[in-house]
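So you can see what is in the structure, the chains are spelled out below.
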Amino acid sequence: MSIPLAGASVAPAPRSASWSAVFSLTLCVSTLIASEFMPVSLLTPIASDLHLSEGRAGQAIAVSGLFAVLTSLFIASVARSVDRRRLLLGLTGVMLASGLVTAFAPSFTVLMLGRALIGIVIGGFWSLSAATVMRLVPGDEVPRALGLLNGGNALATTIAAPLGSFLGQYIGWRGAFFAVVPLAAITFVWQASTLPPMPTERAAPPPSTFAILRRPKARWGILAVTLFFMGQFALFTYLRPFLETVTRIGVSTLSLLLLGMGTAGLLGTYLIGSLVSRRLSAVLIGAPVAMAVIAVLLIVFGQSLAATAVLLVGWGLIGTAAPVAWWTWLSRTLPRDAEAGGGLMVAAIQLAVTVGASLGGLLFDRSGYRSTFAVSAVLLGGAALLAIQASKSEGSINP
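Residues numbered from 1 in each chain as written. Predicted model: local features only at pLDDT ≥ 70, side-chain atom pairs only at ≥ 80, totals over all residues. Heavy atoms only, no water.

(A) Inspection of helix 8 (residues 180-194) at higher detail. Over its 15 residues, helix 8 extends 21 Å from the first C-alpha to the last, a length consistent with the 21 Å expected when each residue adds 1.5 Å. For helix 8, every residue scored as buried is listed here: V180, V181, A184, T187, Q191 and T194. Down the axis, helix 8 shows its buried residues gathered within 165° of arc, on one side only. Residues V189 and S193 are exposed on helix 8 and point more than 90 degrees away from its buried face. (Helix = DSSP H or I, 4+ residues; strand = E, 2+ residues; numbered from the N terminus. Expected span 1.5 Å × (residues − 1). Buried < 20%, exposed > 50% of the residue type's maximum accessible area, 1.4 Å probe, protein only. Arc of directions from axis to C-beta.)

As structure tokens, then:
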């Protein structure tokens, strides 16, 4: 039985059409994440072509995160009267426009405009993702569908940077960004043909994103998510300098390790769907605990390539899949307000990634990798403690 949204009276789509729509959203995720991370491997040619410093060109990444946060906080209120099918198609159209604007940007200002557009899509799409999936598939299939979306995320995160570098070498950075445009066009057509109408029919306006925080059951979960991503990215952001200076590996081995992490992440997203359906609380608590242990073990065994490789595969397996558990928690804890809750969660994640990476970098520069990894473990441990309370809240409304 599916989980209804308050006041919504949408006839369920045929099962085959619903899953086709989920696959179209997965392609959208992959294209979106590839667009988001493409600048990572293209900063040097972008800076050279537009006559910028690499630091200034790096703002192309920061601006997308800023607009993602702003969009995620306010999209539930702004879009309260819009059919979700039209809204998702509109966001996909904006993604296509972002690729065109970025690829043909004649100046830094226009480049920032293109990146701001992709930030709007990031914040809007992820804020609506859980609520959309809840209206496309039966309730017991929601974790599987969310796992599929996160699998698209994991795949794109794994290949975006190396693919951008490869394409940039042969067709230039503009060609690399333009390569996203046909994918966005295919996504738009696929969504237009498979997404059913999803009008909002509520007797009262939905709560604001910030109003969700007044609910204890939501507050604990959002705090846990925030600490989880802070801890994860405090460590993950500085893996390369750690591996090069402590484990002492070359670029080829580094690429293999990162590929192994990405592959493990894909496997994790495949396996976690059925697990969270049966043992959601255990996953919410166990995932940050396991990652905290890995962070500590990396401090102890970081000089061993074999041990480090095993630990990083475990990190990728758990860390990439864990968001599926939190989106499932959201769908169960706030079934009537999943859009407002999704916006809040996206904002929390974006801010946590920024703060975690900044804190980790500050510690890495001042005290070395040990302090960075230790703080990561502490933050992840705190996420586990908060997840215990969030799980109690989730359990109180789910038989």
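(B) Quick look at helix 5 (residues 84-103). Helix length check: helix 5, at 20 residues, gives a terminal C-alpha distance of 29 Å against a target of 28 Å (1.5 Å per residue), a fit within 8%. Inspection of helix 5 places R84, L87, L88, L89, L91, T92, M95, S98, G99, T102 and A103 among the buried residues, and these make up the whole buried set. Residue D83 occupies the N-cap position of helix 5, its side-chain oxygen lying 2.7 Å from the main-chain nitrogen of R85. (Polar contact = N/O pair within 3.5 Å; in protein donor to acceptor, adjacent residues only side chain to side chain.)

(C) Molecular detail of the pattern of salt bridges. Inspection of every chain in the model, using the stated rule, returns two salt bridges. One salt bridge connects R174 with D49, and the closest N-O pair in it is separated by 3.0 Å. Here R174, found in helix 7 (residues 142-178), pairs with D49, found in helix 2 (residues 43-50); they are 125 residues apart in sequence, far enough to count as distant. With its nearest N and O atoms 3.6 Å apart, the salt bridge here joins E141 to R144. Judged by relative accessible area, E141 falls into the buried class, the value being 15%. (Salt bridge = Lys/Arg side-chain N within 4 Å of Asp/Glu carboxyl O.)

(D) Expanded view of the nonpolar core. Counting residues in hydrophobic clusters, the biggest one holds 92 residues, and the most contacted among them are W126, W326 and M345. Ranked by the residues each element gives to this core, the list is headed by helix 11 (residues 251-301), at 14 residues. The residue makeup of this core includes at least three contributed by each of domain 1 (17-200) and domain 2 (209-398). Discounting chain neighbours no more than four positions away, the residues touching W326 are G221, A224, V225, L284, M345, A387 and A390. The next biggest cluster of nonpolar side chains, apart from the first, holds 18 residues, and it includes M38, A47, A105 and L111. (Core = buried A, V, L, I, M, F, W, Y, C linked by side-chain atoms within 4.5 Å. Domains from an automatic or database assignment. Contact = heavy atoms within 4.5 Å.)

(E) Region of interest: the environment of A292. Locating A292 in the fold gives a position in helix 11. What makes A292 buried here is its relative accessible area of 12%. Sequence separation between A292 and A383 is 91 residues; the distance between their C-alpha atoms is 9.8 Å. When neighbours within four sequence positions are excluded, A292 is seen to be in contact with A377, L380 and G381.

(F) View of the packing of helix 5 against helix 8. For the pair helix 5 and helix 8, interaxial distance at closest approach is 9 Å and the crossing angle is 170°. Judged by the angle between their axes, helix 5 and helix 8 are roughly antiparallel. The two elements helix 5 and helix 8 cross, and the hand of that crossing is left-handed. Contacts between helix 5 and helix 8 involve R85, L88, L89, T92, G93, M95, L96, G99 and L100 from the former and V181, A184, A185, T187, F188, Q191 and A192 from the latter. Partitioned by chemical class, the residues of the contact of helix 5 with helix 8 number ten nonpolar, five polar and one charged. (Axes fitted to C-alpha atoms, helices over the stretch in contact; angles between N-to-C directions. Parallel < 35°, antiparallel > 145°, perpendicular 65-115°, else oblique. Left-handed = near helix turned anticlockwise from the far one by under 90°. Nonpolar A, V, L, I, M, F, W, Y, C, P; charged D, E, K, R; others polar.)

(G) How the structure looks around the side chain of T269. Examined against the element boundaries, T269 turns out to sit in helix 11. Look at T269 and you get buried, because its relative accessible area is 6%. The residues touching T269, leaving out its near neighbours within four places in the chain, are G147, N150, G151, T320 and A321.

(H) Quick look at unusual backbone geometry. A positive phi is found at R248, a non-glycine position, where the angle reads about 60°. Structurally, R248 can be placed in the loop between helix 10 (239-247) and helix 11.

(I) Representation of the packing of aromatic side chains. Taken as a whole and judged by the stated rule, the model has twelve aromatic pairs. Aromatic pair Y238 and F364: ring centres 5.7 Å apart, planes at 20°, arrangement stacked. Taken together, the residues Y238 in the loop between helix 9 (216-236) and helix 10 and F364 in helix 13 (residues 338-367) connect sequence positions 126 residues apart. Accessibility expressed as a relative area gives 18% for F364, which makes it buried. Note on F242 and F373: the rings are 4.9 Å apart at their centroids and 50° apart in plane angle, and the pair reads as tilted. Pair noted here: F242 is in helix 10 and F373 is in helix 14 (residues 369-396), with a separation of 131 residues, a long-range link. Judged by relative accessible area, F373 falls into the buried class, the value being 0%. An aromatic cluster is present here, built from F228, F229, F233 and F236 joined pairwise through their rings. In this structure, R144 is placed above the aromatic ring of W19, and the distance from its NZ or CZ to the ring centre is 4.6 Å. (Phe/Tyr/Trp six-rings, centres within 6.5 Å; stacked < 30°, edge-to-face > 60°. Lys NZ or Arg CZ within 6 Å of the ring centre and 35° of its normal.)

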